[in-house]
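# Residue-level structure breakdown
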Amino acid sequence: MIMSRINKVLNKRLRKFYFQRQVLKNKNRERIAKKQGAKNGIGVFSGSSILKNDPNELEVNPLGFTKLGLVLDESEVDNIVKALSTFKCFDGYRPELGSFSSNLIPKETQVANYRREDIVSIKEVMDIANDPKILSFVQKFLYGKPTISNVNAWWSVGGRRSAQHAQLFHRDVDDYKFIKFFIYLTDVGINNGPHVYVETSAYDDNFKKIRRFTDDEIVNFYGKDKINHVIGKKGEAYFVNTYGIHKGLLPKEGKRLILQIQYSINEVGVETYKPIEIENDNGYDKYINRLLIK
Ligand SMILES: [Fe+2]
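Summary of the structure given here. Along every chain, residues carry numbers that run from 1 in the direction the sequence is written. The model is predicted, so local features are restricted to residues of pLDDT at least 70 and side-chain atom pairs to those at 80 or more, both for listing and for counting; the totals for chains, interfaces and linings are taken over all residues.

### Concerning the overall build of the chain
Going along the chain from the N terminus, every DSSP run of H or I of four or more residues is numbered as a helix, and every run of E of two or more is numbered as a strand. For the chain, the count of helices and strands is 7 helices and 11 strands. Taken over 294 residues, the chain has a buried fraction of 36%. By the criterion used throughout, residues are in contact when their C-beta atoms, derived from the backbone, lie within 7 Å. Once local pairs closer than 6 in sequence are excluded, the contacts in the chain between residues at least 24 apart make up 85%. Buried residues are those with 20 or more other C-beta atoms within 10 Å of their own C-beta, exposed residues have 12 or fewer, and partly exposed residues lie in between; C-beta atoms are placed from the backbone.

### Considerations on the sheet that holds strand β10 (residues 246-248)
Any two strands with at least two DSSP bridges between them are considered paired. The strand order across the open sheet formed by 3 strands is β8-β7-β10, and the pairing between neighbours is antiparallel. The strands lining the two open edges of the sheet, one partner per strand, are β8 (227-230) and β10. Within this sheet the neighbouring strands show an average axis-to-axis angle of 15°, counted without direction. Relative to β10, strand β7 (residues 195-198) runs antiparallel, the two sharing 3 bridges. For V196, the partnering residue across the bridge sits in β10 and is K247. Angles here are taken between N-to-C directions and fall from 0 to 180 degrees, while the axes themselves are lines fitted to C-alpha atoms, restricted in helices to the stretch in contact.

### A few points about the sheet that holds strand β11 (residues 255-264)
The pairing of strands in a sheet happens through backbone hydrogen bonds and is either parallel or antiparallel. Spatially, the 8 strands line up as an open sheet ordered β1-β9-β6-β11-β5-β4-β2-β3, and their pairing is antiparallel. Here the strands that pair on one side only, and so sit at the sheet edges, are β1 (65-70) and β3 (99-100).

### Concerning the pairing of β7
Two strands pair when backbone bridges link them, and β7 and β8 are joined in this way by 4 bridges, in the antiparallel orientation. Along β8, the bridge assignment pairs V196 with H229.

### What to know about the nonpolar core
As used throughout, a nonpolar core is a set of buried Ala, Val, Leu, Ile, Met, Phe, Trp, Tyr and Cys residues joined through C-beta atoms within 7 Å of each other. In this structure, V125, V138, V151 and I183 are the most contacted members of the largest nonpolar core, which totals 57 residues. Once you skip the residues sitting within four places of it in the chain, I183 turns out to touch V71, L72, G235, A237 and L259.

### Digging into unusual backbone geometry
The backbone of T200 shows a phi angle near 70°, a positive value even though the residue is not glycine. Within the secondary structure, T200 sits in the loop between β7 and α7 (215-222). Classification of T200 by C-beta neighbours within 10 Å gives partly exposed; the count is 15. Notably, F207 is not glycine yet its phi reads approximately 50°, a positive angle.

### Things to note about helix α3 (residues 74-85)
Residue count minus one, scaled by 1.5 Å, sets the expected span of a helix. The end-to-end C-alpha separation of α3 is 16 Å, in line with the 16 Å expected for 12 residues at 1.5 Å each. By the burial criterion, the buried members of α3 are V77, I80 and L84. All buried residues of α3 lie within an arc of 65° about the axis, which places them on one face of the element. Exposed and facing more than 90 degrees away from the buried side of α3 are E74, S75 and K82. Regarding the arc, it is the one traced by the directions from the helix axis to the C-beta atoms.

### Let's talk about the environment of P106
Position of P106 among the secondary structure elements: in the loop between β3 and β4 (111-114). C-beta crowding within 10 Å serves as the criterion here: with 13 such atoms nearby, P106 is assigned to the partly exposed category. Along the chain, P106 and T186 lie 80 residues apart, while their C-alpha atoms are 20 Å from each other.

### Describing the environment of D118
Within the element layout of this structure, D118 appears in helix α4 (residues 116-120). The class of D118 is partly exposed, set by 18 C-beta atoms lying within 10 Å. Between the alpha carbons of D118 and F87 there is a distance of 6.9 Å; along the sequence they are 31 residues apart.

Shown next as structure tokens:
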């Protein structure tokens, strides 16, 4: 009885998620986003911010990408890296490797992830996720109060032979509309696995089949000029509409650490959320954080 009820709820989430993935036309996705986003109401967010930009002047259109410059200084980045380093990583594609420290990443691992629940326990990270200017901007983009639907941090490891999974061009199709906020936690040059983004692709109706795309397919269609490699110092941040075509370039050398906060209208139906209790929630909005914090 209980199991069947759980399955029903689970199936409803999955059904919604997979239905959303079948809405291909941008025009239709945007129309649904507007309607659903508006139902979430509007929040008022105030207080100090890491952004120097005025959220009213920020735009993600038409490129699907907004550079925010340096938002954290060296010691602020170091604090987050230090806090993360107390946790173990895992390889999402090789569960048999178990958990390991970021100093001992197995040689076959290309991407070493921290667990969401661990990252959420870091106050500095959740303060960023709930930054008033970030929320104000995201709310404008999503037509209503956002939901933090993911918090991730991962090492991309250099010296591996070939790109795999998210290191190949793809679209994220997580909700009718969503946006990701990224901060580099290590310096990222062209050899250290920069984020690669295809300008304007978030707003066109090409390459809508959900799969990975080869470099040739993308370069031949869009042209080299549209392909943007995001080089940056540690502490630099940017918003990306990753419904647009993107990838993390396979690093040639070094190890790249990045922090990502995802905001969407709805929960991401394939995720298994395990909200945690935290000591000091700094008055975070309960609705926005409901998938992460009890
Ligand atoms: Fe992606």
